[in-house]
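Structural characterization, general
Listed below, chain by chain, are the residues.
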Amino acid sequence: MRKKIVAGNWKMNMTTAEAAALVNTLKADLANFREVEVVVCPPFTALSTVSELVHNTHIDLGAQNMHWEKNGAFTGEICASMLRELYCHYVILGHSERRQYFGETDAIVNRKTKAALAASLHPIVCVGETLQEREAGKVEEVITTQVKGSLAGLSAKEVLESVIAYEPVWAIGTGKTATSDQAQEVHALIRNVLTGMFDATVAQSVRIQYGGSVKPANAKELFSMPDIDGGLIGGAALDAKSFIDIVRAAV
Ligand code: PGA
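Read on for a plain summary of the structure.

1. Things to note about the packing of helix H1 (residues 16-30) against helix H12 (residues 240-249)
In contact at an axis separation of 10 Å, H1 and H12 are set at 35° when each is read in the N-to-C sense. Crossing hand, H1 versus H12: right-handed. In this structure, H1 contributes Leu 22, Thr 25, Leu 26, Asp 29 and Leu 30 to the contact, and H12 contributes Ala 240, Phe 243, Ile 244, Val 247 and Arg 248. Grouping the amino acids of the contact of H1 with H12 by side-chain chemistry returns seven nonpolar, one polar and two charged.

Here's what the structure looks like:
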């Protein structure tokens, strides 16, 4: 049985004070909630504050990005051990905004994924097609290439420690959600790719989240699809009530 996982990707939002207020509200509601794994991914500047606030709760901490090197002359970057020091358990890697605005390729995502795993962080590896690619009938090709490239060289044990997030680029922040059937189709495809790379048991055990305009109104239907194991939530994660409703929709 795969435990559902709902993660809030706060992106470049929330001052430290705002982050504290949000997480305190989440805590009041979700501190002892165990049915679903709940992760919050604040910006780097709020990690320390949020880390202290979620300590001894069932809310987990994640970061939104990291560098693949262990340390060194990489101005402006953050490495895995720095995230571990703040008790991060997860790190989002290869989000489409990183791919689109910061030139991240599957090869870069792969290096970061390996570095995260080597530091005992669970990577949330994002894949997804653009609208143009979908309209050109290239969903299968694009997703297969991204999954194979991003997870290349991982052991079965490592992929089991990872989470995959399917986030169609055209659905992110646009209010256009993939229908539950469209999302399910790609999640099943990702499991097929994993079966080819590893085996059927591994493929059935890896958690695959859906992301892209998930809201309280559509969460239940998406999360009830057989291959959808929760969500990666952007905009709706900035509002405590919406996020809590989405988390509870995953039960
Ligand atoms: P959204 O973002 O929920 O605002 O569409 C999802 C994401 O980018 O992770």
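2. So, H12
In terms of residue burial, H12 counts as a mostly covered element, since seven of its 10 residues are buried. Considered for burial, the residues of H12 that qualify are Ala 240, Ser 242, Phe 243, Ile 244, Ile 246, Val 247 and Ala 249. On its buried face, H12 is in contact with strand S1 (5-9), H1, strand S2 (37-41), helix H11 (216-223) and strand S8 (230-233).

3. Structural notes on the nonpolar core
If you look at the biggest cluster of nonpolar residues, it comprises 74 residues, and the most contacted ones within it are Ile 190, Leu 194 and Phe 223. With residues near it in sequence (within four places) discarded, Phe 223 still touches Lys 4, Val 6, Val 214, Ile 228, Gly 230, Gly 231, Ile 246, Ala 249 and Ala 250. Judged by nonpolar contacts, the second largest core, of 11 residues, contains Ile 5, Val 39, Cys 41 and Tyr 90.

4. Brief notes about the site of the ligand
Taken together, 13 residues form the shell around the ligand, and within it Lys 11, His 95, Glu 167, Gly 173 and Ser 213 come nearest. In this structure, an oxygen atom belonging to the ligand sits 3.4 Å away from a side-chain N or O atom of Asn 9. The contact in question runs from an oxygen atom of the ligand to an N or O atom on the backbone of Gly 235, over 2.8 Å. Out of a free accessible area of 280 Å², the ligand has 96% covered by protein chains. Residue composition of the shell around the ligand, grouped by class: four nonpolar, seven polar and two charged.

5. Here we look at unusual backbone geometry
The backbone of Lys 11 sits at a positive phi, close to 55°, despite the residue not being glycine. In this fold, Lys 11 is placed in the loop between S1 and H1. Here Ser 120, not a glycine, exhibits a phi torsion of approximately 65°, which is positive. Mapped onto the fold, Ser 120 is located in the loop between helix H5 (106-118) and strand S5 (122-127). Its relative accessible area of 47% is what places Ser 120 among the partly exposed residues.

6. Comments concerning the sheet that holds strand S4 (residues 90-93)
Reading around the circumference, S1-S2-S3-S4-S5-S6-S7-S8 is the order of the eight strands in this closed barrel, with parallel pairing throughout. Taken over all neighbouring pairs, the strand axes of this sheet differ in orientation by 25° on average, direction set aside. Where strand S6 (residues 163-166) and strand S7 (residues 207-211) come together, four bridges link them in parallel fashion. Bridge pairing links Val 163 to Arg 207 in S7. Against the sheet, helix H2 (residues 44-54) engages S2 and strand S3 (59-63), with an angle of about 165° to S3.

Criteria and cut-off values
- Along every chain, residues carry numbers that run from 1 in the direction the sequence is written.
- A pLDDT threshold of at least 70 governs which residues receive local features in this predicted model, and a stricter bar of 80 or more applies before side-chain atom pairs are shown or counted, although totals over entire chains, interfaces and linings include all residues.
- Side-chain metrics rest on all non-hydrogen atoms present in the structure, leaving aside hydrogens and water.
- A fitted line through C-alpha atoms serves as each axis, taken over the contacting stretch for helices, and the angle formed by two N-to-C directions is quoted from 0 to 180°.
- Numbering goes from the N terminus for both helices and strands, where a helix is a DSSP run of H or I of at least four residues and a strand is a run of E of at least two.
- Working rule for handedness: look at the near helix, and if it is turned counterclockwise from the far one by less than a right angle, call the crossing left-handed; if clockwise, right-handed.
- Contact between two residues is taken to exist if any of their heavy atoms lie within 4.5 Å; hydrogens are not considered.
- For this classification, Asp, Glu, Lys and Arg are treated as charged, while Ala, Val, Leu, Ile, Met, Phe, Trp, Tyr, Cys and Pro are nonpolar and the rest, including Gly, are polar.
- Think of it in three bands: with a 1.4 Å probe and only protein chains considered, a residue is buried below 20% of the maximum accessible area for its type, exposed above 50%, and partly exposed in between.
- Residue types Ala, Val, Leu, Ile, Met, Phe, Trp, Tyr and Cys, when buried and joined through side-chain atoms within 4.5 Å, form a set referred to as a nonpolar core.
- Here, proximity means that at least one heavy atom of the residue falls within 4 Å of the molecule or strand.
- We define a polar contact as two N or O atoms separated by no more than 3.5 Å, with the added condition that, inside protein, one atom must be a possible hydrogen donor and the other a possible acceptor, whereas residues neighbouring each other in sequence contribute only through side-chain atom pairs.
- Computed with the Shrake-Rupley method and a 1.4 Å probe, the accessible areas treat only the protein chains shown as cover for residues.
- Here, a strand pair is defined by DSSP locating no fewer than two bridges between the strands.

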